[in-house]
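# Residue-level structural notes
Each chain, letter by letter, is given below.
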Amino acid sequence: MERKMGLVVGGLGVIGRNLVDHLTKLDDWDVTAVSRRRPDFESRARFISVDLLDRRDCEEKLTGLRTVTHMMYAALQPRPTLAAEVEPNLTMLRNAVEVIEAMAPLLQRIVLTEGVKAYGVHLGPFKTPAKETDARHMPPNFYYAQEDFLRERQAGRNWTWCVLRPDVVCGFSVGSPMNLTLMIAVYAAISKELGLPFRFPGKPKAYTSLAQFTDAELHARATVWAATDPRCANEIFNVANGDYYRWEELWSAFARFFDMPLAPPQTISLATFMADKGPVWDAIVRKHNLVPHPLEQIAAWPFGDFIFGCDYDVMSSTIKARRHGFADCIDSEEMFLRLFAQFRAARIIP
Ligand SMILES: NC(=O)c1ccc[n+]([C@@H]2O[C@H](COP(=O)([O-])OP(=O)(O)OC[C@H]3O[C@@H](n4cnc5c(N)ncnc54)[C@H](OP(=O)(O)O)[C@@H]3O)[C@@H](O)[C@H]2O)c1
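What counts and what doesn't
Residues numbered from 1 in each chain as written. Predicted model: local features only at pLDDT ≥ 70, side-chain atom pairs only at ≥ 80, totals over all residues. Helix = DSSP H or I, 4+ residues; strand = E, 2+ residues; numbered from the N terminus. Rg over C-alpha atoms; globule rule 2.2 N^0.38 Å. Contact = placed C-beta atoms within 7 Å. Core = buried A, V, L, I, M, F, W, Y, C linked by C-beta atoms within 7 Å. Buried ≥ 20, exposed ≤ 12 C-beta atoms within 10 Å, placed from the backbone. Domains from an automatic or database assignment. Near = placed C-beta within 6 Å. Nonpolar A, V, L, I, M, F, W, Y, C, P; charged D, E, K, R; others polar. Expected span 1.5 Å × (residues − 1). Pairing = 2+ DSSP bridges.

Of regular secondary structure, the protein chain possesses 14 helices and 11 strands. Rg of the C-alpha trace for the protein chain: 20 Å, near the compact-globule value of 20 Å for 350 residues, within the 12% margin. Within the protein chain, contacts between residues separated by at least 24 positions form 82% of all contacts whose residues are at least 6 apart in sequence.

This is the structure:
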């Protein structure tokens, strides 16, 4: 089997960490991951600490990565506005691509992870199911800037690109601003500690609208397919679990998992109402002997407010990926329960 060298850019995020984990289990891949932090877990992957916003740092720290065959990009710089997100996220991609391209003659493909925000899920109701051929929304959107850069850069080069568009990516990671699964589990723990029932905190219509998810492990398998299948060259694919759920269905399954009584939704801003719950969380950590993580580091409340505020259907079509050879799927309820159990086993939640 031909040996491959995968470079995971943003290797400690929800997407990147699960991708690194997957690649290290494959015999024919060597793996290097980059991020600013160092990992706090064992891995056969090589981790390089670099600030992608700093070109000189990239040139110094990424020197020597001559054998990279596939770059998988999942770094993220969140910013408070859509306009402010463009420049840093484009700079990070540009620095990674230009530095690696110059020193890795065997580079075959760059896989860029975008998301359903490419269809404007963050703006309000949009055409469903969203398809890869749908028109863009009114910019700015940093995904468009990144995608346009890759398209232009690729012309005349030996490598090709592939763009993946997952929806809410659910996986094991700590310290990510978009880890919905961990946020739900922490919200449940705080509610339980305060003697409250398990209530959906979002908008009432969001409780009954259709939602979809992308398991980070499934996304990792999709990324390997996107990186290696000739049919994926210069193509865009939606990646999702393959089912559509209403939160009301999931919420009752979650209540059973956390052993809490279920109550009707009550809309609150998690960012606002959780702002003073640090001491409650610290008490939970002590009581259950959990790995100590401050509340603001493990629970992505603004992301929760966004997802639970989507009071319209969120659906993308995965037909194109299936037709191009990726037919993987998973039941989303099973996925959430598996992840809650994983966070519990790691003593991150009670
Ligand atoms: N999570 C989701 O639900 C979701 C859904 C759809 C699409 N997406 C998209 O997928 C992509 C990745 O998202 P994610 O949720 O996996 O992000 P994430 O959890 O925030 O991870 C981002 C990664 O980028 C690294 N990073 C950030 N700034 C860096 C810098 N200056 N230099 C080097 N590394 C840097 C972070 O590590 P350090 O902090 O250590 O540097 C981390 O490894 C984004 O484009 C996002 O929009 C995410």
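Alright, that's what it looks like, and here's the rest.
One broad trend across soluble globular proteins is that nonpolar side chains are buried collectively. Residues V9, M71, M72, Y73, A96, I100 and V186 are the most contacted members of the largest nonpolar core, which totals 105 residues. Sorting elements by how many residues they give to this core places helix 5 (residues 180–193) first, with 9 residues. When residues of this core are assigned to domains, at least three fall in each of domain 1 (4–169 + 213–239) and domain 2 (175–212 + 244–345). Not counting residues up to four positions away in its chain, the partners in contact with V9 are V34, M71, M72, Y73, A74, A75 and A96.

In this section: the site of the ligand. The full set close to the ligand counts 28 residues, and G10, G13, R36, G115 and S176 are the nearest of them. Of all the secondary structure elements, the ones that give two or more residues to the shell around the ligand are helix 1 (14–24) and strand 7 (168–170). Broken down by element, the shell around the ligand gets its largest block of residues, 3 residues, from helix 1. Taken together, the residues that form the shell around the ligand break down as 15 nonpolar, 10 polar and 3 charged. When residues of the shell around the ligand are sorted by domain, at least three fall in each of domain 1 (4–169 + 213–239) and domain 2 (175–212 + 244–345).

Attention now goes to the environment of R344. Within the secondary structure layout, R344 lies in helix 14 (residues 332–345). Here R344 falls in the partly exposed class, since 16 other C-beta atoms lie within 10 Å of it. In sequence terms R344 and P230 are 114 residues apart; their C-alpha atoms lie 40 Å from each other.

Looking at the protein chain, the domain boundaries give domain 1 (4–169 + 213–239) and domain 2 (175–212 + 244–345). On a C-alpha basis, the centroid separation for the pair domain 1 and domain 2 is 25 Å. Those elements that provide at least two residues to the side of domain 1 that touches domain 2 are strand 9 (213–215), helix 7 (216–228) and strand 10 (235–239). Of the residues in the side of domain 1 that touches domain 2, the class split is 16 nonpolar, 5 polar and 8 charged.

Helix length check: helix 8 (residues 247–258), at 12 residues, gives a terminal C-alpha distance of 16 Å against a target of 16 Å (1.5 Å per residue), a fit within 8%. Of the residues trailing helix 8, D259 is marked for its positive phi of about 55 degrees.

Quick look at the pairing of strand 10 now. For strand 10, a buried count of 4 out of 5 residues is recorded, marking the element as mostly surrounded by other parts of the structure. One ladder, built from 5 bridges, connects strand 6 (residues 160–166) with strand 10; its direction is parallel. Looking at the pairing, C162 lines up with E235 of strand 10.

T128 connects to P129 through a cis peptide bond whose omega is -10 degrees. Inspection of the secondary structure puts P129 in the loop between strand 5 (109–113) and helix 4 (142–154). Residue P139 is joined to P140 through a cis peptide bond whose omega torsion reads 15 degrees. Relative to the helices and strands, P140 is located in the loop between strand 5 and helix 4. Positive phi, normally seen in glycine, also occurs at D259, with a value near 55 degrees. C-beta crowding within 10 Å serves as the criterion here: with 9 such atoms nearby, D259 is assigned to the exposed category. In this model, R347 sits at a positive phi of 60 degrees, which is unusual for a non-glycine residue. Relative to the helices and strands, R347 is located in the segment after helix 14.

With that settled, consider helix 5. Count 3.6 residues to each turn of an α-helix, and residues three or four apart come out pointing the same way. Compared with the 20 Å implied by 1.5 Å per residue over 14 residues, the 20 Å span of helix 5 between its first and last C-alpha is a close match. Judged by how many residues are buried, helix 5 sits mostly within the fold: 10 of 14 residues are covered. Considered for burial, the residues of helix 5 that qualify are L180, T181, L182, M183, I184, A185, V186, Y187, A188 and A189. Trailing helix 5 by a residue or two, G195 shows a phi angle of about 75 degrees, which is positive.

Now for the pairing of strand 5. Of all the 5 residues making up strand 5, 5 are buried; the element is thus mostly covered by neighbouring parts of the structure. Where burial is concerned, the two faces of strand 5 agree: the one with R109, V111 and T113 and the one with I110 and L112 are both buried. Judged from the 4 bridges that link them, strand 4 (residues 70–73) and strand 5 form a sheet pairing that is parallel. Directly across from H70, in strand 5, lies its bridge partner R109.

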